[in-house]
Amino acid sequence: MRIALALPLALVATPCAAQSLRPIVEPPLSAQAALAGVDVFLLNEGREAVPVAAPDTLQTTARDGTSLTLELIRSTADTAPVAPGGFVKLRYRLAPLAPGLAAASPATPGISARPDAAPVEQVTDTARGPASSFAGRFSPHEPTYFVAGAGDARAKLQFSFALQPFASAGPLSYLKVAYTQTVFWGIGLPSGPITTVTYSPEGFADVPLSQTARAAIGFRHDSNGGGTTDSVDANRVFLRVSKRFDLGRGWRLDVAPQGWFYVSSNGIATDLPRFWGNGSVTASIGQADGVKFQIFARGNPRSGKGAGELFVSYPIASLGLRDLGLHGVGLYLFGQAFTGYGETLPGYNRADTHARIGVSFTR
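Residues numbered from 1 in each chain as written. Predicted model: local features only at pLDDT ≥ 70, side-chain atom pairs only at ≥ 80, totals over all residues. Heavy atoms only, no water.

Novice: Before we go on, may I ask you to explain the overall build of the chain in this structure?
Specialist: When its secondary structure is counted, the chain shows 4 helices and 20 strands. Taking all 363 residues of the chain together, the buried fraction comes to 40%. Element-wise, carbon and sulfur atoms account for 60% of the exposed surface of the chain, whose accessible area totals about 18,500 Å². (Helix = DSSP H or I, 4+ residues; strand = E, 2+ residues; numbered from the N terminus. Buried < 20%, exposed > 50% of the residue type's maximum accessible area, 1.4 Å probe, protein only. Areas by Shrake-Rupley, 256 points an atom, 1.4 Å probe, with all protein chains shown as cover.)

Written as structure tokens, this is what we have:
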């Protein structure tokens, strides 16, 4: 993720500046996006540990040009002092406006930053005509990438996104729907066919437990799109929990265990639970604008069957390719490796080991 300096923060955060804590904000896309919370980092640029005295409110500007007032979500009274060269990560959110006041929107006149305001439609002019969306409601879900490998690994494409239908500040804001599609492309085979596709829609409630932990409960459907004679599918009710550990100097460790139970016969794959089991864990370690390692593992301890997948990524813009004109590329160099059972749904009971490399849009 890219963290950008917000000059307005440095101007209003005088308690922090006096203690050598420099505020850095990750600007939200819009006022609507700020409802879900905004990360603010306080960096200790001094030579001694200093206590945290964050301002209750901050002024910043969203990426769409909307002027915002943010309020601190949680008191910092119990926050430990920040060591020299370290940082503390705080969470702010959009502050409700006083009655009769309106937020300034120099880039997009008429936008209100009130939590109960109507969704803000964003219009993009293209060669096909205008395209409209409530872009602030969309977010990455699973990695979106294109990779290819040698031998029978061929190519693998995946795109994935999540959508927040409701922008209210209440319980409805926790509801999300997501869609992931994974395509296996037989590059190198005659006519280069699409060999199989996995379709994965899901709906869930994603609830913050603290500044560093979240929980989600929902339903997910995975299918190869087959008919009654060749459909392999999994319908599962899941519960997952994620926990973030800030390691300092921009590094973070995230751990997300997940458990599920099946609510259908899985098409022709009646023994699918033997290979997928009823649980998984995802863990990642990485640095903002730096390298990230992520591993996913699932399995059935009783049968001894399972699978693991590794992702390694690095921003192309951080490779120092300014002379080639690639310093502004918004892509990641991306590596993906899988071993175990069920990389494809039709091959749920077949063991494979594949490694691929390519690029990704999200990670």
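Novice: I tried to follow the side chain of E202 on my own but got confused; where do I start?
Specialist: On the secondary structure map, E202 appears in strand β12 (residues 194-210). Looking at E202, the relative accessible area reads 5%, which means it is buried. Of the polar contacts made by the side chain of E202, one reaches the side chain of H141; its length is 2.9 Å. In contact with E202, not counting residues within four places along its chain, are H141, K176, V177, A178, F219, R220, F238 and R240. (Polar contact = N/O pair within 3.5 Å; in protein donor to acceptor, adjacent residues only side chain to side chain. Contact = heavy atoms within 4.5 Å.)

Novice: Quick question: what am I supposed to make of a nonpolar patch on the surface here?
Specialist: Residues F146, W185, I187, I194 and V359 make up a contiguous nonpolar surface patch of about 380 Å² in total accessible area. Mapped onto the fold, W185 is located in strand β11 (residues 175-185). (Patch = residues over 30% accessible without salt bridge, like charges linked within 9 Å, V, L, I, M, F, W, Y side chains within 5 Å. Salt bridge = Lys/Arg side-chain N within 4 Å of Asp/Glu carboxyl O.)

Novice: I would appreciate a short explanation of the nonpolar core in the present structure.
Specialist: Within soluble globular proteins, side chains that are nonpolar tend to cluster in buried spots. Counting residues in each nonpolar core, the largest one holds 22 residues, and the members touching the most others are L42, A54, L68, L90 and Y92. Among the secondary structure elements, those contributing two or more residues to this core are β1 (21-25), α3 (31-34), β2 (38-44), β4 (67-72) and β5 (87-94). In terms of residues, this core owes the most to one element, β5, which gives 4 residues. Leave out the neighbours within four places in its chain, and Y92 touches G37, V38, V40, A54, P55, D56, L58, L70, E71, L72 and I73. (Core = buried A, V, L, I, M, F, W, Y, C linked by side-chain atoms within 4.5 Å.)

Novice: Whenever I open this one, the pattern of salt bridges confuses me. Can you help?
Specialist: Counted under the stated rule, the structure contains 16 salt bridges. We note a salt bridge from D39 to R91, for which the minimum N-O separation is 2.6 Å. One end of the pair, D39, is in strand β2; the other, R91, is in strand β5, with 52 residues separating them in the sequence. The closest approach of N and O atoms between R220 and D222, which form a salt bridge, is 3.1 Å. When sorted by exposure, R220 lands in the same class as D222, which is buried.

Novice: Where do I start with the packing of aromatic side chains in this structure?
Specialist: For any two aromatic rings, the description comes down to two numbers: the centre-to-centre distance and the angle of the planes. Overall, the coordinates contain 11 aromatic pairs when judged by the stated rule. The interplanar angle of 20° and the centroid separation of 4.9 Å between the aromatic rings of Y145 and F334 together place this pair among those described as stacked. Taken together, the positions of Y145 in strand β9 (residues 145-148) and F334 in strand β19 (residues 332-341) put the pair 189 residues apart, joining distant regions of the chain. On the basis of relative accessible area, Y145 is assigned to the buried category, the value being 3%. Residue F334 is classed as buried on the basis of its relative accessible area of 1%. Here the aromatic rings of F275 and Y341 are separated by 5.3 Å at their centres, their planes lie at 50°, and the arrangement is tilted. On the criterion of sequence distance, the pair formed by F275 in helix α4 (residues 272-276) and Y341 in strand β19 is long-range, its members being 66 residues apart. (Phe/Tyr/Trp six-rings, centres within 6.5 Å; stacked < 30°, edge-to-face > 60°.)

Novice: Sorry, what's going on with the confidence of the model for the chain here?
Specialist: Looking at the chain as a whole, its pLDDT mean stands at 85, while 85% of the residues score no less than 70. Considering only residues more than four positions removed or in separate chains, one finds that residues 1-18, a stretch of pLDDT under 50, has 42 contacts. Under a pLDDT of 50 for its full length, residues 98-116 has, in the predicted model, 31 contacts with residues more than four places off or in other chains. (pLDDT = per-residue confidence, 0-100.)

Novice: Explain the side chain of S313 here, please?
Specialist: Here S313 is to be found in strand β18 (residues 305-315). Residue class for S313 comes out buried when judged on its relative accessible area of 3%. In terms of polar contacts, S313 uses its side chain to reach the side chain of R363, at 3.2 Å. For S313, the residues in contact, after removing those within four places along its chain, are G290, V291, K292, Y332, L333, F334 and R363.

Novice: Would you take a moment to explain the sheet that holds strand β3 (residues 57-61) for this structure?
Specialist: Sheets are built from strands that pair by backbone hydrogen bonding, the pairs being arranged parallel or antiparallel. A sheet is described by the order of its strands in space; here 5 strands give the open sequence β1-β2-β5-β4-β3, paired in antiparallel fashion. Every interior strand has two partners, whereas the edge strands, β1 and β3, have only one. Strand-to-strand twist in this sheet, taken as the mean axis angle between neighbours without regard to direction, amounts to 35°. Alignment of β1 against β2, held across 5 bridges, turns out to be antiparallel. What sits directly across from R22, in β2, is L43. (Pairing = 2+ DSSP bridges. Axes fitted to C-alpha atoms, helices over the stretch in contact; angles between N-to-C directions.)

Novice: I tried to follow the pairing of β5 on my own but got confused; where do I start?
Specialist: Every regular strand shows the same layout, with side chains that alternate between the two sheet faces. When you tally the buried positions in β5, you get 6 out of 8 residues, the bulk of the element. The pairing of β2 with β5 spans 6 bridges and is antiparallel. Its bridge partner being in β5, L43 is matched across the sheet by F87. With 3 bridges joining them, β4 and β5 adopt antiparallel strand pairing.

Novice: Sorry if this is basic, but what is going on with the environment of Q181 here?
Specialist: When you line up the elements, Q181 lands in strand β11. The class for Q181 is buried, based on a relative accessible area of 16%. The spacing of Q181 and E142 is 39 residues in sequence and 9.8 Å in space, taken between C-alpha atoms. Not counting the four nearest positions on each side in its chain, Q181 is found in contact with L157, Q158, F159, V197, T198 and Y199. At 2.5 Å, the side chain of Q181 and the side chain of Y179 are in polar contact.

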